[in-house]
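Understanding the architecture of this molecule
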Amino acid sequence: MKVKGVNLGNWLVLEKWMNPALFDGTDAEDEYYLPQKLPGEVYEARIKMHRAEFISERDFVTIKAMGLDTVRIPIPYFIFGDREPFIGCTEEVDKAFSWAEKYGLQILLDLHTAPGSQNGFDNGGISGICTWAEQPQEVEFVLGVLERLAERYGMRKGLWGIEILNEPATAEIWDTLRVPERYPAADQELAKKNKPITLEFLREFYCKAYDRIRLHMPEEKYVVFHDGFQLMAWKDFMREEKYKNVVLDTHQYLMMAEMHGCEQSVEGYVKYIKEVYEPAIREMAEYFPVICGEWCLFNSLACGHDTKGGQSVLNGVDGLQEEVMLPEEKKEIYQALAEAQLAAWNAGNGYFYWSYKLLTDTVNTSGWVGWDAWDLGRCVDFGWFPKQ
């Protein structure tokens, strides 16, 4: 089993940096506060228009033409429309399955958010808050969502698998990213209840989730679990015979490598990829199929300055006003990093690029030089990313 895929980031789970215009006229920093800052009918119109325009049938044709075979779709915990004021999105996911099946693509459904958030990141729904695992009724709610997803889509021809939960934050990543500072909470009282998730909790939760998903999803489809940013911690997990087709997902970004001391040069990045990423993936591939569910070509070198671990003007880190290197120089950097990273991910079972498209205007908006690498379409068009 090998996958070559891309994430449909910012379609059904919003990330402000990927489309700031959606948040115009508000001071909301995340999806949780957006409906509180807009009149109900305005919020609903914005969301529905965004979803209809951001991804369409044409995009599935394009993804297939890129040589990819699988799409990872981040979905919110309110997919079924039962958590007001948020708007459900089963209609969009239904359409995605029909498009995928028409054009010979597979779908990995990725539960990307949880009520109260599992990580405190801007992509976890509510910035600076991580309280989900401390609320038993919300843990149960998420298990219910996973079971309903399996019930609705488990038998679909286009389903590759279901990912239990995106990027739960254990103490290590919470401290490395300094989450409360990077993503300041709007509600400081709520932030006092923050608690990173333990590996013990995750193990138990993943086992329960596996059982609930398998009630409705056949064994040939994959159950995927994220490593909680501790790739090597899972060697003794799900070794029992009953666990079939379980896949380990790890997310590896060069901006995180920079935070761990990787030199900001082509040689430094390639060395890190070959000496850190690839051996770890080879080692864990002896225990599970391993996918790199999120990665990209973005790096500080091509931005022309240290991004402090991928922080942008939205985090208060000023970017450059204009490019500091020629197009050919950027192309050489990105091609070298694409080749090295693809080799590392293929030491396991493949990858999903983050992300398919970016709506941030990186030309006319100050400070976004170098951020176009998050957009796979541009990477392919500019020849930065090889045809698959």
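Keep in mind that this is a model prediction, so the values were computed, not measured.

1. Description of the packing of helix α11 (residues 266-284) against helix α13 (residues 327-345)
Orientation of α11 relative to α13, taken along the N-to-C sense of each, is 10°, at an axis distance of 9 Å. One finds that α11 runs roughly parallel with respect to α13. In this structure, α11 contributes Val266, Tyr269, Val270, Ile273, Tyr277, Glu278 and Ile281 to the contact, and α13 contributes Ile333, Ala336, Leu337, Ala340, Gln341, Ala343, Ala344 and Trp345. Residue composition of the contact of α11 with α13, by class: 13 nonpolar, 1 polar and 1 charged.

2. Regarding the pattern of salt bridges
Should the charged atoms of two oppositely charged side chains come close, the side chains can pair. Evaluated as defined, the whole model comprises 26 salt bridges. For the salt bridge of Glu181 with Arg178, the shortest nitrogen-to-oxygen distance reads 2.7 Å. A residue is classified by how much of its surface remains accessible, and Glu181, at 54% relative accessible area, is exposed. Between Arg282 and Glu278 there is a salt bridge whose closest N-O contact spans 2.9 Å. Here Glu278 and Arg282 lie together in helix α11, a separation of 4 residues that amounts to about one turn. Using a relative accessible area of 47% as the deciding quantity, one classes Arg282 as partly exposed. Take Glu278: its relative accessible area is 15%, and that puts it in the buried class. One salt-bridge network, held together by shared partners, links Arg72, Asp110, Glu163, Asp249 and Glu294.

3. Observations concerning unusual backbone geometry
Cis rather than trans, the peptide bond between Glu84 and Pro85 has omega equal to 5°. Inspection of the secondary structure assignment puts Pro85 in the loop between β2 (70-75) and α4 (90-103). Each neighbour pair has its own omega, and for Trp354 with Ser355 the value is 10°, a cis peptide bond. Looking at the secondary structure, you find Ser355 in the loop between β8 (350-353) and α14 (376-381). The phi dihedral of Ser117 is positive, around 70°, even though this residue is not glycine.

4. Examining the pairing of strand β4 (residues 159-163)
Most of β4 is tucked away: 5 of the 5 residues are buried. With 4 bridges joining them, strand β3 (residues 106-111) and β4 adopt parallel strand pairing. Looking at the pairing, Asp110 lines up with Glu163 of β4. Handedness of the β3-helix α5 (residues 136-153)-β4 crossover: right-handed. Across 3 bridges, β4 lies against strand β5 (residues 222-226) in parallel orientation. Its bridge partner being in β5, Ile162 is matched across the sheet by Val223.

Conventions and cut-offs
Residue positions are given per chain, counting from 1 as you read along its sequence in written order. Side-chain atom pairs in this predicted model are given and counted only at pLDDT of 80 or more, local residue features only at pLDDT of at least 70, and totals for whole chains, interfaces and linings cover all residues. Derived side-chain values reflect all non-hydrogen atoms in the structure, with water molecules and hydrogen atoms excluded from consideration. Simply put, an axis is a line fit to the C-alpha atoms, just over the touching stretch for a helix, and the angle between two N-to-C directions goes from 0 to 180 degrees. To qualify as a helix, a DSSP run of H or I must reach at least 4 residues; to qualify as a strand, a run of E must reach at least 2; elements of each kind are numbered from the N terminus. By definition in this entry, angles of less than 35 degrees are roughly parallel, angles greater than 145 are roughly antiparallel, angles of 65 to 115 are roughly perpendicular, and the rest are oblique. We call two residues in contact whenever any of their non-hydrogen atoms come within 4.5 Å of each other. As a working rule, the residues Ala, Val, Leu, Ile, Met, Phe, Trp, Tyr, Cys and Pro are called nonpolar, Asp, Glu, Lys and Arg charged, and the rest polar, with Gly in that last group. The salt bridge definition used is simple: a Lys or Arg side-chain nitrogen within 4 Å of an Asp or Glu carboxyl oxygen. In this scheme, a residue with accessible area under 20% of its type's maximum is buried, one over 50% is exposed, and one in between is partly exposed, where area comes from a 1.4 Å probe on protein chains only. Pairs of strands are assigned from DSSP output, requiring at least two bridges between the strands. Whether a crossover is right-handed depends on one test, that the path from the first strand over the helix to the second runs clockwise when the strands point away from the viewer.

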